[in-house]
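Overview (structure and organization)
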Amino acid sequence: MGEVRRVYGVGDLAALPVFAGGFINFGYWAGIPLDGELTVEQRIASQQALYDLVVAALGIGPGDRVLEVGSGRGLGARRVLGREPALVRGVDLVPEQVARAAEANDDPRVAFVQGASDDLPFPDGSFDALLSVEAAQHFEDVPGFARESARVLAPGGRFAVTTFFARTADAGARLAELLETFASGLDRAHLVDDVVRDLRGAGFADVTALSIGEHVWRALDRWLDQGPRPDRWDRNWLRAAERGLVDYYLVTARKPAGSGV
């Protein structure tokens with residue numbers, strides 16, 4: 001937890017201009033023109049669009065009980081309210097993020113708690129839909145996350161994760177050479193094929209991993225090029241993607257209706 005808490009808790013990553021608006025994700029830039037200067041408003045819209053993509057994939061609707069794992073400042077969890085769920089819960093490993101999310105929230109349907117992705121603090125079958133947006137790259141125990149997700153979902157429950165995963169088993173060392181977040185251990189080179197395997201092993205059905213990198217990497221690189229960082233190490237994200245080391249995915253799954261709670 002040390003590096004994650006340093007960056008997200010003490011450091012408050014959401015306060016950096018690169019993550020304008022309080023969201024902390026690379027963005028889904030489909031439909032945003034890239035032939036001119038990108039605006040802060042477009043950057044915020046890209047981050048909101050990434051959440052909207054996941055929410056749409058889950059088919060969240062009235063009455064659903066929704067859990068977000070890695071809820072950060074809580075903006076995404078509150079955005080889910082547009083679908084009229086019965087309740088939304090956010091869980092985050094970093095206590096400072098939980099406090100920030102709770103302080104900003106004024107809707108009784110939403111609450112935030114501290115907890116780990118592989119030890120979710122909720123009873124069996126508590127939720128109808130579970131999402132995680134650009135957090136799973138930090139998880140130490142992805143098989144544990146898969147098992148816990150299956151446990152807290154009711155039969156027929158839907159699962160969706162979006163983030164960047166490694167494309168090859170040997171990508172970790174090469175990513176650490178290119179990107180400080182992998183070198184420091186903040187990000188982990190989870191192989192996308194292993195993530196799919198872990199979800200199936202936890203009992204999920206209809207597991208799919210859809211690449212959405214075409215709507216992430218080039219636009220993100222344009223935004224980073226405009227940004228204030230003098231060393232530009234961030235721009236190696238596009239290089240890593242072009243070299244086939246990493247890609248951005250929307251991973252979805254379903255807990256079979258006939259499975260136990």
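Scroll up to find the structure.
These numbers were taken from a predicted model, which means no experiment stands behind them. (Residues numbered from 1 in each chain as written. Predicted model: local features only at pLDDT ≥ 70, side-chain atom pairs only at ≥ 80, totals over all residues. Heavy atoms only, no water.)

**Things to note about the overall build of the protein**
Looking only at helices and strands, the protein features 10 helices and seven strands. Over its C-alpha trace the protein gives a radius of gyration of 17 Å, about what one expects of a compact globule, namely 18 Å for 261 residues. When its C-alpha atoms are laid out on the principal axes, the protein stretches across 50 × 40 × 35 Å. Expressed as a percentage of the 261 residues in the protein, the buried residues total 53%. A fraction of 72% describes how many contacts in the protein between residues 6 or more apart in sequence connect residues 24 or more apart. When the accessible surface of the protein is split by element, carbon and sulfur atoms take 50% of a total near 10,900 Å². Seen as two clouds, the 28 positive and the 37 negative side-chain charges of the protein have centres 1 Å apart. (Helix = DSSP H or I, 4+ residues; strand = E, 2+ residues; numbered from the N terminus. Rg over C-alpha atoms; globule rule 2.2 N^0.38 Å. Buried < 20%, exposed > 50% of the residue type's maximum accessible area, 1.4 Å probe, protein only. Contact = heavy atoms within 4.5 Å. Areas by Shrake-Rupley, 256 points an atom, 1.4 Å probe, with all protein chains shown as cover. Lys, Arg positive; Asp, Glu negative; His and termini not counted. Charge placed at Lys NZ, Arg CZ, Asp CG, Glu CD.)

**Some thoughts on the pairing of strand S3 (residues 110–114)**
Taken together, the five bridges between strand S2 (residues 87–92) and S3 define a ladder with parallel strand orientation. From the neighbouring strand, Asp92 faces S3, where its bridge partner is Gln114. (Pairing = 2+ DSSP bridges.)

**Brief notes about the packing of helix H5 (residues 142–152) against helix H8 (residues 192–201)**
The interhelical angle for the contact between H5 and H8, taken along N-to-C directions, is 35°, at an axis separation of 8 Å. The chirality of how H5 crosses H8 is right-handed. The residues of H8 that touch H5, namely those facing Val142, Pro143 and Ala146, are Val195, Asp198 and Leu199. Split into classes, the residues belonging to the contact of H5 with H8 amount to five nonpolar, no polar and one charged. (Axes fitted to C-alpha atoms, helices over the stretch in contact; angles between N-to-C directions. Left-handed = near helix turned anticlockwise from the far one by under 90°. Nonpolar A, V, L, I, M, F, W, Y, C, P; charged D, E, K, R; others polar.)

**A word on the packing of aromatic side chains**
Under the definition given, this model contains 16 aromatic pairs. Summarising the aromatic geometry, the rings of Phe26 and Trp217 are spaced 6.1 Å apart at their centres and angled 65° between planes, so their arrangement reads as edge-to-face. Within this pair, whereas Phe26 is found in the loop between helix H1 (2–10) and helix H2 (40–58), its partner Trp217 is found in helix H9 (residues 217–226), the two being separated by 191 residues in sequence. Arranged with centres 5.1 Å apart and planes meeting at 85°, the rings of Phe122 and Phe127 form a pair that is edge-to-face. Just as Phe122 is buried, Phe127 falls in that class too. Counting every residue linked through ring pairs, the aromatic cluster contains Phe26, Phe164, Phe182, Trp217, Trp237 and Tyr248. (Phe/Tyr/Trp six-rings, centres within 6.5 Å; stacked < 30°, edge-to-face > 60°.)

**What to know about unusual backbone geometry**
One non-glycine residue, Glu84, lies in the positive phi region at around 60°. With relative accessibility at 48%, the residue Glu84 sits in the partly exposed group. Located in the positive-phi region is Glu134, a residue other than glycine, with phi close to 50°. As for its position among the elements, Glu134 is in the loop between strand S4 (127–133) and H5. What makes Glu134 buried here is its relative accessible area of 8%.

Shape is all these values report; function is a separate question.
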